[in-house]
Amino acid sequence: MTKPKVLISDKMDPNAARIFEERGCEVDVITGETPEELKARIGEYHGLAIRSSTTVTREILDAATNLKVIGRAGIGVDNVDIPYASGKGVVVMNTPFGNSITTAEHAIALMMALARQIPAANTGTQAGQWPKKDFMGVEVTGKTFGLIGAGNIGSIAASRAIGLRMKVIAYDPFLTEDRAIEIGVEKVDLDTLLQRADFVSLHTPLTDETRNILSRERLEGARPGIRIINCARGGLIDEAALKDCLESGHVAGAALDVFAQEPAKDNPLFGAPNFICTPHLGASTTEAQVNVALQVAEQLSDYLVNGGVTNALNMPSLSAEEAPKLKPYMALAEGLGSLVGQLAHGNLTKISIEREGAASELNGKPITGAVLAGLMRRYSDTVNMVNAPFLAKERGLEVSEIRQNRDGAFNTLIRVSVETDQGTRSVAGTLFGNEAPRLVEIFGIGIEAELKGHMLYIVNDDKPGFIGRIGTMLGNHGINIGTFNLGRRDAGGEAVLLLSLDEALDPAIVAEAEALEGVKMVKGLAF
Ligand SMILES: NC(=O)C1=CN([C@@H]2O[C@H](COP(=O)(O)OP(=O)(O)OC[C@H]3O[C@@H](n4cnc5c(N)ncnc54)[C@H](O)[C@@H]3O)[C@@H](O)[C@H]2O)C=CC1
Ligand SMILES: O=C(O)C(=O)COP(=O)(O)O
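Residues numbered from 1 in each chain as written. Chains lettered and ligands numbered in written order. Predicted model: local features only at pLDDT ≥ 70, side-chain atom pairs only at ≥ 80, totals over all residues.

Going by an unreviewed UniProt entry, the protein chain carries the name D-3-phosphoglycerate dehydrogenase and comes from Erythrobacter longus. Regarding the protein chain, the relevant UniProt record gives this comment under Sequence similarities (unreviewed entry): "Belongs to the D-isomer specific 2-hydroxyacid dehydrogenase family." Taken from UniProt, the Function (unreviewed entry) comment for the protein chain reads in full: "Catalyzes the reversible oxidation of 3-phospho-D-glycerate to 3-phosphonooxypyruvate, the first step of the phosphorylated L-serine biosynthesis pathway. Also catalyzes the reversible oxidation of 2-hydroxyglutarate to 2-oxoglutarate." (UniProt positions renumbered as here; feature names shortened; annotations may be inferred.)

Asker: If you had to explain the domain arrangement of the protein chain to someone new, which residues and values would you point to?
Answerer: Assigned domains within the protein chain: domain 1 (5–97 + 287–306), domain 2 (100–277), domain 3 (316–432) and domain 4 (452–527). Computed over C-alpha atoms, the centres of domain 3 and domain 4 are 26 Å apart. Domain 3 puts five residues into the contact, and the matching count from domain 4 is four residues. Its residues assigned to classes, the side of domain 3 that touches domain 4 comprises two nonpolar, three polar and no charged. (Domains from an automatic or database assignment. Contact = placed C-beta atoms within 7 Å. Nonpolar A, V, L, I, M, F, W, Y, C, P; charged D, E, K, R; others polar.)

Asker: Lay out the sheet that holds strand β16 (residues 423–432) in plain terms, naming residues and giving numbers.
Answerer: Spatial ordering of the open sheet is given by β14-β13-β15-β16-β17-β18, a layout of six strands whose pairing is mixed. Here the strands that pair on one side only, and so sit at the sheet edges, are β14 (398–404) and β18 (445–449). Neighbour-to-neighbour, the strand axes of this sheet turn through a mean angle of 20°, independent of strand direction. Strands β13 (348–357), β14 and β15 (412–420) of the sheet are contacted by helix α14 (residues 364–376), whose axis makes an angle of about 140° with β13. (Pairing = 2+ DSSP bridges. Helix = DSSP H or I, 4+ residues; strand = E, 2+ residues; numbered from the N terminus. Axes fitted to C-alpha atoms, helices over the stretch in contact; angles between N-to-C directions.)

Asker: So what's going on with unusual backbone geometry? Residues and values would help.
Answerer: With an omega of 0°, the peptide bond between Glu 262 and Pro 263 qualifies as cis. Counting through the fold element by element, Pro 263 comes out in the loop between β11 (251–256) and β12 (275–277). A positive phi is found at Arg 165, a non-glycine position, where the angle reads about 65°. Considering the arrangement of structural elements, one finds Arg 165 in the loop between α7 (152–163) and β7 (167–171). A count of 11 C-beta atoms within 10 Å places Arg 165 in the exposed class. For Asn 274, which is not a glycine, the phi torsion comes out positive at approximately 55°. If you trace the backbone, Asn 274 turns up in the loop between β11 and β12. (Buried ≥ 20, exposed ≤ 12 C-beta atoms within 10 Å, placed from the backbone.)

Asker: Please provide a residue-by-residue account of the site of ligand 1, values included.
Answerer: What surrounds ligand 1 is a group of 35 residues, the closest being Gly 76, Gly 151, Pro 205, Gly 282 and Ser 380. Those elements that provide at least two residues to the shell around ligand 1 are α5 (100–116) and α7. The element best represented in the shell around ligand 1 is α7, accounting for three residues. Partitioning the shell around ligand 1 into residue classes produces 14 nonpolar, 16 polar and five charged. (Near = placed C-beta within 6 Å.)

Printed below as a string of structure tokens:
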């Protein structure tokens, strides 16, 4: 049998190459290539091991005709087009914990550097200026550390800040009161956090919801004198607005490890007052790099040589016998979880997964895992079908599984209901012909739709003329509707529309749909 071939395309601890070879893979280490060079080379490899410098785009994946698995030696996977990789059958794995302590420590180091202006004081001192009078710092003891994102790294940063005798407050939609107590933080909303924190530290993945979370409006509305630390992802902050706020003194200091464009060689923030930065060094310690290199090499070689799956972000772990039967159910379950997560607003406290008819006879674990992974994926880069139940439990989300073998309208059905602080919301789906997942009910309204690609969900008054108005509005913007699915509670009451679109909708078009007569709610969805 020929050996699987792996490419390591980013700088990685040499232990990775050693492990690949020991486990029976051929390995090449070729770093710093341009996308064109990588595209020309990737076709010969079965595995690709990366950090954040390699971006795995559709073009790269199209050229990767033999690729079976991508391993991210680290956490953030916003540099990999995971939906496209899934479509190509390429498993994407990361190493969710190997660098979290190191990254939390970097955030704390940056906080201290900001509090005492260490980089500027160092530069002035070594330039022979003895600038003692120029640098008056602030103590951190007794100050408030505001976490945006209290997952793995955020909660480690919280423990370090508590050790420094700081008060820690956190904004995280998935943080339950119990978990907040466990990690010693006070759960607050984002506006409160920005009013109360002396230091704000960001620890969320970059998603559609977190992009620009520190927008100009939020920065300008924050408490004057706030200091900001970002060791998560560049796109979380409006960099131009941050520059203005540093120049006006409204923000007293900012320390960034990550930038909207990396490598950042010419960023508008460079030279701004009280601004310090590092070149994406959050994970760069010997310890973390050995951890992630060993883990990624073990995970990738295990998959390539034995078919073992660990920390996959787009694949469940299943036995060979169960796999074919469960596969369509997993897709249905993940789609329903994702739908309910995208539509339910407010703090999720409980979720119930009901299996009826044929679905009630199946192994419920992978189905529950798939629902929870679908639900939480937009909050975390590290969630997968295997770790989703554990993460849900850790966050105090109450999960119940209900089996009903009564006869219903469908011979097989999965219903997902979530309880939020704004009430219960449920969606249900079935398999057509035992293989094609279909949504059949949304918040108590019967509808039939495939959950796929970009979609537009609209709740409106069931009055004549509405369908024409929405169709014309989308048509005027040159947006093609793939499928058009309708449902209603009763004639003349509340109706829902679920449209599949060929592309994601611009927020301005969503706002235009919201303004149409009779519209109660509009939401762009992505699967
Ligand atoms: N600078 C660096 O070198 C490194 C950066 N990172 C970045 O740190 C991020 C966080 O890593 P982990 O803590 O391990 O991930 P995690 O998945 O354990 O935690 C992320 C947390 O963010 C929360 N979150 C999601 N959306 C949110 C929103 N809209 N508002 C507030 N909170 C929200 C989630 O509920 C979750 O608790 C990674 O996604 C990665 O982008 C990770 C490692 C190194
Ligand atoms: O693990 C992550 O998410 C990181 O951002 C670390 O990035 P790096 O591997 O140092 O390029």
